[in-house]
Amino acid sequence: SMCFYDKAREVKAHNGIIPNIFVGENLLRYESRWCTRLAQQFKEAKITGATLYDRGFYIKALKMWGDNYFSIQKKKQLKNDAMNDIRTVKDATNYICAYALGRLKPDEVMHILEELKANKVFKHPEYYTQLKKKVNALCSDTKGMENSDLIRELDSEIKNVLING
């Protein structure tokens, strides 16, 4: 499982002390947790306490941690200058749809898709998959969409951890 939480709030909740350098800072913590069938998940014959001190195992766990993070599909936002790229009616339509979808929470979009399916709107089941792909394409159109500054910063920090191990 993956966990994201405010480390400062957690430390305060457990009556811990936050070093002065971190007071007033945002302390997002990201963890990957492997709780069952460790050997199978890490493709190891056996995992013991000594395994946890092995540098090769640490590198493998770090890579899995990074892979888990980068497997998350992050919601993009419209570029500030996205309107400058509009040349056709299709571009404008995509812009409007991406703008509207960006205002919805991801679970709201999924709820709409599930409602369509529950109401059997389409005669062919593959149409729901096509619609979902189209919606995802609109939300991740690289011409008019970008990751927020915060997502780019977090991506960069995760990459730094992976590089510097």
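Report follows, based on the coordinates. These numbers come from a predicted model, not from an experiment. (Residues numbered from 1 in each chain as written. Predicted model: local features only at pLDDT ≥ 70, side-chain atom pairs only at ≥ 80, totals over all residues. Heavy atoms only, no water.)

Right, let's talk about the environment of glutamine 40 for a bit. Take glutamine 40: it is sitting in helix H2 (residues 38–41). One polar contact links glutamine 40 to arginine 37, side chain to side chain, over a distance of 2.9 Å. (Helix = DSSP H or I, 4+ residues; strand = E, 2+ residues; numbered from the N terminus. Polar contact = N/O pair within 3.5 Å; in protein donor to acceptor, adjacent residues only side chain to side chain.)

This part is about unusual backbone geometry. Despite not being glycine, asparagine 15 shows a phi value in the positive range, around 55 degrees. Structurally, asparagine 15 is set in the loop between helix H1 (7–13) and strand E2 (28–32). Residue classification places asparagine 15 among the exposed positions, given a relative accessible area of 70%. The phi dihedral of lysine 43 falls on the positive side, at around 55 degrees, and the residue is not glycine. Inspection of the secondary structure assignment puts lysine 43 in the loop between H2 and helix H3 (55–70). (Buried < 20%, exposed > 50% of the residue type's maximum accessible area, 1.4 Å probe, protein only.)

Right, let's talk about the packing of aromatic side chains for a bit. A complete count under the given rule lists 9 aromatic pairs for this structure. Ring geometry for phenylalanine 42 against phenylalanine 57: centres 4.8 Å apart, planes inclined by 40 degrees, an arrangement best described as tilted. You can see phenylalanine 42 sitting in the loop between H2 and H3 and its partner phenylalanine 57 sitting in helix H3, a full 15 residues away along the chain. Accessibility expressed as a relative area gives 8% for phenylalanine 57, which makes it buried. Judged by centre distance (5.7 Å) and plane angle (80 degrees), the rings of phenylalanine 122 and tyrosine 127 are edge-to-face. Taking relative accessible area as the criterion, phenylalanine 122 reaches 29% and is therefore assigned partly exposed. (Phe/Tyr/Trp six-rings, centres within 6.5 Å; stacked < 30°, edge-to-face > 60°.)

Next up on the list: helix H4 (residues 89–103). With 15 residues, H4 should cover 21 Å at 1.5 Å per step; its first-to-last C-alpha distance of 21 Å lies within 8% of that length. For H4, the full list of buried residues reads Asp91, Tyr95, Ala98 and Leu101. In a view along the axis of H4, the buried residues occupy a sector of 135 degrees, so they form one face of it. Opposite the buried face of H4, at more than 90 degrees from it, the exposed residues are Val89, Ile96 and Arg103. (Expected span 1.5 Å × (residues − 1). Arc of directions from axis to C-beta.)

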